[in-house]
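# An overview of the molecular structure
So you can see what is in the structure, the chains are spelled out below.
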Amino acid sequence: MTGAEQAWLTVALGAVTTFAIRGFGPVTMGGRTLGRRAARVLTLLPAALLSALVVTETVMRDGTLDVDARVGGLAVAALLIWRRASVIWVVIGAAAATAVLRLLF
Amino acid sequence: MNVTTLRTSPVARAGARAAVPFALAGFVVAISFGISARAAGMPAAAAIVMSAIMYAGAAQFAAVAILAQGGSVVAAVLAAMLMNGRYFAMGLALGPSLKGGRVRRAIEGQTLVDASWAMANRGDGRFDRHTLFGSSAPQYVAWLSGTIIGVIAGSALPNPEALGIDAVFPAFFLALLVSELRTAEASAVAVGGAIVAVVLGLLAPAGIGILAAAVIALVGLRPVREAPTEPEA
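Everything in this summary refers to the structure shown in the same document. (Residues numbered from 1 in each chain as written. Chains lettered and ligands numbered in written order. Predicted model: local features only at pLDDT ≥ 70, side-chain atom pairs only at ≥ 80, totals over all residues. Heavy atoms only, no water.)

All names here are of chain B. Where helix α4 (residues 44-54) meets helix α10 (residues 129-156), the axes come as close as 9 Å, and the angle between the chain directions of the two elements is 170°. With respect to their mutual orientation, α4 and α10 come out roughly antiparallel. Along its contact with α4, which presents Ala44, Ala47, Ile48, Ser51 and Ala52, the element α10 presents Tyr140, Trp143, Leu144, Thr147, Ile148 and Val151. Of the residues in the contact of α4 with α10, the class split is nine nonpolar, two polar and no charged. (Axes fitted to C-alpha atoms, helices over the stretch in contact; angles between N-to-C directions. Helix = DSSP H or I, 4+ residues; strand = E, 2+ residues; numbered from the N terminus. Parallel < 35°, antiparallel > 145°, perpendicular 65-115°, else oblique. Contact = heavy atoms within 4.5 Å. Nonpolar A, V, L, I, M, F, W, Y, C, P; charged D, E, K, R; others polar.)

A few words on the pattern of salt bridges. All told, the structure shown has 13 salt bridges over all chains when counted by the stated rule. The closest approach of N and O atoms between Arg102 of chain A and Asp166 of chain B, which form a salt bridge, is 2.9 Å. Pair noted here: Arg102 of chain A is in helix α4 (residues 87-104) and Asp166 of chain B is in the loop between α10 and α11 (168-180), and the two residues belong to different chains. In this structure Arg102 of chain A comes out as partly exposed when scored by relative accessible area, which is 22%. Asp166 of chain B sits in the buried class, given a relative accessible area of 14%. Among the salt bridges present, the one from Arg86 of chain B reaches Asp114 of chain B, with a minimum N-O distance of 2.6 Å. A residue pair is termed long-range when its members are at least 10 positions apart, and Arg86 of chain B in helix α7 (residues 85-94) and Asp114 of chain B in helix α9 (residues 114-120) qualify at 28 residues. Classification of Arg86 of chain B as buried rests on a relative accessible area of 15%. Here the salt bridges do not stand alone but share partners, grouping Arg61, Asp66, Asp68, Arg70 and Arg102 of chain A together with Glu161 and Asp166 of chain B into one network. (Salt bridge = Lys/Arg side-chain N within 4 Å of Asp/Glu carboxyl O. Buried < 20%, exposed > 50% of the residue type's maximum accessible area, 1.4 Å probe, protein only.)

A few words now on the nonpolar core. With 80 residues, the main nonpolar core has Phe33, Met42, Met50, Phe61, Met83 and Phe173 of chain B as its most contacted residues. Per-element accounting of this core gives the leading share, eleven residues, to helix α2 (residues 36-59) of chain A. When we break this core down by domain, the ones giving at least three residues each are domain 1 (3-180) and domain 2 (182-222) of chain B. Setting aside chain neighbours within four positions, we find Met83 of chain B in contact with Leu49, Leu50 and Leu53 of chain A together with Ala58, Ala59, Ala62 and Phe173 of chain B. (Core = buried A, V, L, I, M, F, W, Y, C linked by side-chain atoms within 4.5 Å. Domains from an automatic or database assignment.)

Okay, here's the thing in structure tokens:
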């Protein structure tokens, strides 16, 4: 399968599953609620996944450790988040810091 | 959902106005999504169609990140599904507040995104449909138009990494992550997820580390003492 075919297949399957996940509660009329434990697992999932993505996308590349300018960019992002900046500035600040570090070193 | 009703509904219009700050942030993030998707080798049309029919930023980023790392389609779709798992719980809460038959309710449920769900939540277990639709509309327009601009910019830029575009993904995720760290348990899960992802990222095929990190969330299954006075949300 080519990269383009993989991308289209991911889009198709991603769209179908997203539609089903969003539609399930409304179609079953809601009313029912998840068990407390199941609800806790669902609330904890984003923390586990987002953290995994932040770290691998910051210090890894192609399956190996690769510490580069992105680390500086993420430090700036963390500072901006701590200063309660809007997500717009967090994203722009991280990109700008990474770009400047690449220009300098 | 009737477009005319929506247009004339003051509640929907108020919801749309309240969602403008979220739509602006989403617009910038969508631009970075479009650029990153192109940098990951995704066809321009696929990235645009993805935003148009998935309309789920974190899930889209996760899927594209795994494809970019050389992961399989199955791993990418599974990561997107897990990331969307919160919509399952949010949809159950939303269900009783929607109207109509099954098809219409399923379609109304597609307007569910994090910010619109939060704004429509009246705090008494009910949700305001018009606020949900009204606040979702500008966010959808921003997400789709931002993706289109990002895809065009990504195709025109010779070297997006010189602009630090590869730092946008993790910075956006970090902002989302911090908003999830409301409890000590969530923070511990985040640390565990990061360790699992890096270790398996070095040892296992691409994408497996991210999926394995999700398993850490199963600590939520352990029994806890319930707070006796806490009312049912």
